[in-house]
Amino acid sequence: RSHAIPRSLVICAVFIGLPLVAACGTLAGEKTACDGLVYKESGLARAEYLPCAGDMMATLDQLDAQVGSMISGNENARSEAQSSVRKLGSLMKKAGGRNLLETWDDRALTSLNIDISNAHSHHQACMMVAGQIFGRDEKYRDAAKSECGAYRRSYEEASRAYRYLR
């Protein structure tokens, strides 16, 4: 009888832990166009960098739909958006992290990077207040919706710049 409780805890931990480990492994093992980029002081060449920028823009496109759905009241879109914000951050880190904000020889890529970074920052801020969108207090709900819509300008500028560079 004394082994029943520890055995139950182990079984419970396995059933909860395995899906989490599998999900983390899938996310970590996902290959992207940003893998293997080697940052140079002058930045990256356009041909080398644009596939990675394409992955970041595809993630921003997903976020655009997810945040729009979330603002419209879809609570499930919140967890999807949180996952996409993490994915975008991971792509940015693989592409050079803070070096993305340095002035590159290719000024158009520098501008694109700034727009992507600004959109990411707005999405991070949105995720901090996203729970208030579904709260009872209308004042906080409206403020959270406003914060979550603040990414639009940076996203549109990044999208426009990326389309031009392709």
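I will try to describe carefully the structure that is included in this document. What you see is a predicted model; the values in this text were computed from it and never measured.

**Things to note about the state of the cysteines**
- In total, this model carries 2 disulfides according to the counting rule given.
- Bridging Cys 34 to Cys 52, the disulfide has an S-S length of 1.9 Å. The disulfide joining Cys 34 to Cys 52 has a torsion of about 95° about its S-S bond and is therefore right-handed. With a gap of 18 residues between them, Cys 34 in the loop between α1 (4–29) and α2 (46–71) and Cys 52 in helix α2 connect regions that are remote in the sequence.
- The disulfide partner of Cys 126 is Cys 148, and the S-S distance across this bridge is 2.1 Å. On the sign convention where negative means left-handed, the S-S torsion of about 95° between Cys 126 and Cys 148 marks this disulfide as right-handed. With Cys 126 in helix α4 (residues 107–129) and Cys 148 in helix α5 (residues 138–148), this pair connects stretches of sequence that are 22 residues apart.

**A short note on the packing of aromatic side chains**
- Inspection of the entire model under this criterion finds 3 aromatic pairs.
- Plain terms: the ring middles of Tyr 49 and Trp 104 are 5.0 Å apart, the flat faces sit at 75° to each other, and that makes the pair edge-to-face. Remark: Trp 104 occurs in the loop between α3 (76–94) and α4 and Tyr 49 occurs in helix α2; sequence separation between them is 55 residues. Both residues of the pair, Tyr 49 and Trp 104, belong to the buried class.
- Aromatic pair Tyr 151 and Tyr 155: ring centres 6.0 Å apart, planes at 55°, arrangement tilted. Across the pair, Tyr 155 and Tyr 151 agree in class, each one buried.
- Grouped by ring-pair contacts, the aromatic residues Tyr 39, Tyr 49 and Trp 104 constitute a single cluster.
- Lys 139 extends its terminal NZ or CZ atom over the ring of Tyr 140, reaching a point 5.1 Å from the ring centre.

**Here we look at the side chain of Ser 117**
- Its location among the elements puts Ser 117 in helix α4.
- According to the relative accessible area criterion, Ser 117 is buried, its value standing at 12%.

**Here's the deal with the nonpolar core**
- Counting residues in hydrophobic clusters, the biggest one holds 38 residues, and the most contacted among them are Tyr 49, Met 56, Leu 60, Met 70, Leu 112 and Ile 116.
- Mapped by element, the contributors of at least two residues to this core are α2, α3, α4, α5 and α6 (152–165).
- With 10 residues, α2 is the single largest residue contributor to this core.
- In contact with Met 70, not counting residues within four places along its chain, are Ala 77, Arg 78, Cys 126, Met 127, Ala 130, Ile 133, Phe 134 and Cys 148.

**A word on the packing of α2 against α4**
- Packing of α2 against α4 leaves a shortest axis separation of 11 Å and a crossing angle of 30°. As far as their axial angle goes, α4 and α2 are roughly parallel. Considering only the axes of α2 and α4, their crossing is left-handed. Together, Arg 46, Tyr 49, Leu 50, Ala 53, Met 56, Met 57, Leu 60, Leu 63, Val 67 and Met 70 of α2 and Ala 108, Leu 109, Leu 112, Asn 113, Ile 116, Ala 119, His 123, Cys 126 and Met 127 of α4 make up the contact between the two elements.
- Class assignment for the residues of the contact of α2 with α4 results in 16 nonpolar, 2 polar and 1 charged.

Cut-offs used in this document
Residues numbered from 1 in each chain as written. Predicted model: local features only at pLDDT ≥ 70, side-chain atom pairs only at ≥ 80, totals over all residues. Heavy atoms only, no water. Disulfide = S-S within 2.5 Å. Helix = DSSP H or I, 4+ residues; strand = E, 2+ residues; numbered from the N terminus. Phe/Tyr/Trp six-rings, centres within 6.5 Å; stacked < 30°, edge-to-face > 60°. Buried < 20%, exposed > 50% of the residue type's maximum accessible area, 1.4 Å probe, protein only. Lys NZ or Arg CZ within 6 Å of the ring centre and 35° of its normal. Core = buried A, V, L, I, M, F, W, Y, C linked by side-chain atoms within 4.5 Å. Contact = heavy atoms within 4.5 Å. Axes fitted to C-alpha atoms, helices over the stretch in contact; angles between N-to-C directions. Parallel < 35°, antiparallel > 145°, perpendicular 65-115°, else oblique. Left-handed = near helix turned anticlockwise from the far one by under 90°. Nonpolar A, V, L, I, M, F, W, Y, C, P; charged D, E, K, R; others polar.

On their own, these measurements won't tell you what the molecule is for.
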